[in-house]
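Fold and geometry: a report
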Amino acid sequence: MKAELLPEERGEEVRRLGEQGVVAAVGKPGLDAHVLEAADVPIHLGAAGSPLAERGVALTGDAVRDAAAAIWLAGAARR
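Residues numbered from 1 in each chain as written. Predicted model: local features only at pLDDT ≥ 70, side-chain atom pairs only at ≥ 80, totals over all residues. Heavy atoms only, no water.

**What to know about the nonpolar core**
A general trend in soluble globular proteins is that nonpolar side chains are found buried together. Core analysis: the biggest nonpolar cluster contains six residues, these being V14, V23, A25, V35, A38 and A39. If we skip the residues at most four places from it in the chain, A25 touches V35, L36, A39, V41, P42 and I43. (Core = buried A, V, L, I, M, F, W, Y, C linked by side-chain atoms within 4.5 Å. Buried < 20%, exposed > 50% of the residue type's maximum accessible area, 1.4 Å probe, protein only. Contact = heavy atoms within 4.5 Å.)

Structure below.
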């Protein structure tokens, strides 16, 4: 994704990328709402136990490293 995009533009970029395949996006609820709503697999940082967990992955912490581990675990489970 392009870092110079505004939050609303990031959601459009995720939709564009979705035309090529499945897209996962990592972000904080509220701050990255446009991106998370547009993703096929939203990964919500700091949202475990919230209703957001019903659609996507909700992590307790804010570390992107935890999101990377969740993606790796999902891939390993699928294989």
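**Regarding the pairing of strand β1 (residues 24-27)**
Taking every second residue as pointing to the same face, the buried face of β1 carries A25 and G27, while none of A24 and V26 on the other face is buried. In the classification by handedness, the crossover that spans β1, the intervening helix α2 (residues 33-38) and the parallel strand β2 (residues 41-44) is right-handed. (Helix = DSSP H or I, 4+ residues; strand = E, 2+ residues; numbered from the N terminus. Right-handed = clockwise from strand over helix to strand, strands pointing away.)

**Digging into the sheet that holds β1**
The strand order β1-β2-β3 describes an open sheet built from three strands, whose pairing is parallel. On the outer flanks of this sheet lie β1 and β3 (57-58), each paired with one strand and no other. Where β1 lies against β2, four bridges are found, and the strand directions are parallel. Within β2, the residue paired with A25 across the bridge is P42. (Pairing = 2+ DSSP bridges.)

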